[in-house]
Amino acid sequence: MYFSLPISEINLTVIKELEQKFVSDLVENQNIIHKVCRIYTNNQDAHNDLFQEISIQLWKAYPKFRGEAKFSTWMYRVALNTAITLYRKSKRRIKTQDFDNVLYKIESTEYDDTEEEQLKIIYKAIHHLSDIEKALVFLYLEDKNYREIAQTMGISEVNARVKMSRIKNKLKKIANP
Amino acid sequence: MDQLEILKKDWDKQENTFQKFSQKDLSTIIHKRSSSIVKWIFIISLLEFALPLVLLLFTDIEKVSKERYDQLGLSNFRIISYSIYYVVILYFVFRFYKNYKSISAYSNPKTLLKNILNTRKIVKYYIWFNLAITPIITGVILYKTLNSPLFADKLSHTNNIIIVLLSFVLMAIMLALIWLFYRLLYGILLNKLKHNYNELISNDDC
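Not measured: the values here are computed from a predicted model.

Caption draft 1: Region of interest: the overall build of chain A. In terms of regular secondary structure, chain A is built from 7 helices and 0 strands. Taken over 177 residues, chain A has a buried fraction of 51%. Sequence-distant contacts in chain A: of pairs separated by 6 or more residues, those separated by 24 or more amount to 66%. For chain A, the computed accessible surface area is about 9600 Å², with 50% contributed by carbon and sulfur atoms.

Caption draft 2: Local environment of the interface of chain A and chain B. Contacts between chain A and chain B engage 70 residues on the former and 53 residues on the latter. Counting the surface lost from both chain A and chain B, the interface buries some 5600 Å², and carbon and sulfur atoms represent 58% of this. Applying the counting rule to chain A against chain B returns 3 salt bridges. Among the salt bridges present, the one from A:Lys35 reaches B:Asp12, with a minimum N-O distance of 3.0 Å. Our count for the chain A to chain B interface comes out at 26 residue pairs in polar contact (both at pLDDT 80 or more). The set of elements that each furnish at least two residues to the side of chain A that touches chain B consists of α1 (9-40), α2 (44-61), α3 (71-86), α4 (115-126), α5 (131-141), α6 (146-153) and α7 (157-175) of chain A. For the side of chain A that touches chain B, the class distribution of residues is 32 nonpolar, 19 polar and 19 charged.

Caption draft 3: Seen up close, the nonpolar core. Ranked by size, the top nonpolar core spans 93 residues in total, and within it A:Phe22, A:Tyr40, A:Leu58, A:Trp74, A:Ile126, A:Phe138 and A:Met153 carry the most contacts. Sequence-distant contacts of A:Met153, defined by excluding residues within four places in its chain, comprise A:Leu80, A:Ile84, A:Ile132, A:Ala135, A:Leu136, A:Leu139, B:Asn108, B:Pro109, B:Lys110 and B:Leu200. In this structure, B:Leu72, B:Leu74, B:Tyr82 and B:Ile141 belong to the second largest nonpolar core, which totals 5 residues.

Caption draft 4: Representation of the confidence of the model for chain B within the structure. Residue and element names in this part refer to chain B. Summarising the model, chain B shows a mean pLDDT of 82, and 91% of its residues fall at 70 or more. Confidence, expressed as mean pLDDT per element, reaches its minimum in chain B at helix α7 (residues 149-152) with 66 and its maximum at helix α2 (residues 23-29) with 91. In the predicted complex, the global pTM is 0.78; the interface-specific ipTM is 0.76.

Caption draft 5: Up close: a nonpolar patch on the surface. Residue and element names in this part refer to chain B. Taken together, the side chains of Tyr125, Trp128, Val169, Ile173, Leu177, Trp179 and Leu180 make up a nonpolar region of the molecular surface, amounting to roughly 710 Å² of accessible area. Broken down by secondary-structure element, the contributors of at least two residues to the nonpolar patch are α6 (109-147) and α8 (157-201). Per-element tally for the nonpolar patch: the top contributor is α8, with 5 residues. With respect to the helices, strands and loops of the structure, valine 169 is situated in helix α8. The exposure class assigned to valine 169 is partly exposed, which follows from its relative accessible area of 47%.

Caption draft 6: Geometry of the environment of B:Leu193. Examined against the element boundaries, B:Leu193 turns out to sit in helix α8. Relative accessible area serves as the criterion here: at 0%, B:Leu193 is assigned to the buried category. In this structure, the C-alpha to C-alpha distance between B:Leu193 and B:Ala50, residues 143 residues apart in sequence, is 25 Å. Those residues in contact with B:Leu193 that lie beyond four places of it in its chain are A:Thr85, B:Ile41, B:Leu113, B:Ile116 and B:Leu117.

Caption draft 7: Geometry of unusual backbone geometry. For A:Asp143, which is not a glycine, the phi torsion comes out positive at approximately 65°. Here A:Asp143 falls in the exposed class, since its relative accessible area comes to 59%.

Caption draft 8: Focus on the side chain of B:Ser81. With respect to the helices, strands and loops of the structure, B:Ser81 is situated in helix α5 (residues 75-101). Of note is the side chain of B:Ser81, whose polar atom sits 2.8 Å from the backbone oxygen of B:Phe77.

Caption draft 9: The arrangement of the environment of A:Tyr140 in detail. As for its placement among the helices and strands, A:Tyr140 is situated in helix α5. Look at A:Tyr140 and you get buried, because its relative accessible area is 9%. Taking the C-alpha atoms as reference, A:Tyr140 lies 8.6 Å from A:Met164; in sequence the two are 24 residues apart. When neighbours within four sequence positions are excluded, A:Tyr140 is seen to be in contact with A:Tyr146, A:Ile149, A:Met164, A:Lys168, B:Leu4, B:Glu5 and B:Lys8.

Caption draft 10: Structural view of the packing of α6(A) against α7(A). Residue and element names in this part refer to chain A. Contact pair α6 / α7: the axes reach a minimum separation of 8 Å and the direction vectors enclose 105°. Put simply, α6 runs roughly perpendicular to α7. Between α6 and α7, the contacting residues are Tyr146, Arg147, Ile149 and Ala150 on the first element and Glu157, Ala160, Arg161, Met164 and Lys168 on the second. Looking at side-chain class alone, the contact of α6 with α7 contains 5 nonpolar, no polar and 4 charged residues.

What counts and what doesn't
- Residues numbered from 1 in each chain as written.
- Chains lettered and ligands numbered in written order.
- Predicted model: local features only at pLDDT ≥ 70, side-chain atom pairs only at ≥ 80, totals over all residues.
- Heavy atoms only, no water.
- Helix = DSSP H or I, 4+ residues; strand = E, 2+ residues; numbered from the N terminus.
- Buried < 20%, exposed > 50% of the residue type's maximum accessible area, 1.4 Å probe, protein only.
- Contact = heavy atoms within 4.5 Å.
- Areas by Shrake-Rupley, 256 points an atom, 1.4 Å probe, with all protein chains shown as cover.
- Buried area = accessible area lost by both parts, 1.4 Å probe.
- Salt bridge = Lys/Arg side-chain N within 4 Å of Asp/Glu carboxyl O.
- Polar contact = N/O pair within 3.5 Å; in protein donor to acceptor, adjacent residues only side chain to side chain.
- Nonpolar A, V, L, I, M, F, W, Y, C, P; charged D, E, K, R; others polar.
- Core = buried A, V, L, I, M, F, W, Y, C linked by side-chain atoms within 4.5 Å.
- pLDDT = per-residue confidence, 0-100.
- Patch = residues over 30% accessible without salt bridge, like charges linked within 9 Å, V, L, I, M, F, W, Y side chains within 5 Å.
- Axes fitted to C-alpha atoms, helices over the stretch in contact; angles between N-to-C directions.
- Parallel < 35°, antiparallel > 145°, perpendicular 65-115°, else oblique.

Here it is in structure tokens:
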């Protein structure tokens, strides 16, 4: 995962150049990571923790990235892999208020149909999904078609469709009990 | 209206709410310490590989030296069993290394999860192998010891067998405890991964 080149001045320069290129690509595309964090976390601390871990994993995996695909496409995989598999949530994360587990009822004091309120409810519903479901939701929101979603996740297209329709039903139930 | 469709409309608009990291910020971030689970899995796996070997070295030197084996008429047994043991260990180490190398954050989630779980499986089999082989070897040595001139006049043949069986049972209990400990360890390490993997491949036909 790390460079196994002998340390010499020439190689250090190469690494420095590589890092610069990587960081500038990362700066340009950082919103992708932010969007992943928005789906997977529900507070700023956890968001930043996950952002950090994804960035580290991207840098570690970068030497193997030979530019066969777009940088952003490659980022999707590594970011989702980190969220689903590699990342160990830090314990200091404060648990936000929990909803009624049995019925998923969302209580609101008054019905507010401003868009912001709606979005908040939808995000809260999304945060109830599993890691795998969140990944699918993310790819869907990124306007990927089912073939691309299936390819990115490594599953069949049929499986992706089945899962997505289940997710949509689940979200509907959570948001409108 | 479909929840996701609502969110999709505003999905890209939220970019304004995100913190914008600079080159400098990111250069610092990527060099921070990773909290990846793969690192821990690797470290724990290495310890698990080393432990039986360390124990073997320890008990071997102290308790049963080459002379003892020869005294008991087990010199051939010793050579053969140690050879087999080391060959098998090398095989496990090789398999583990190959699997570990295939773990890549660049693969798709299904492959990544599968590779991590397979890597742990190898360590599990390695431990099982060590747990299985210990009573066998110990049993043989014990049996031979009790049958040797040292004990021949002191214990009857049936008593020998009883002693061997008893120590077998005791050892089985001890090993069962170790096995329970490993179930716990695996549970902690791999629960989330196994759960995610099973969820991912459910309904899969490829």
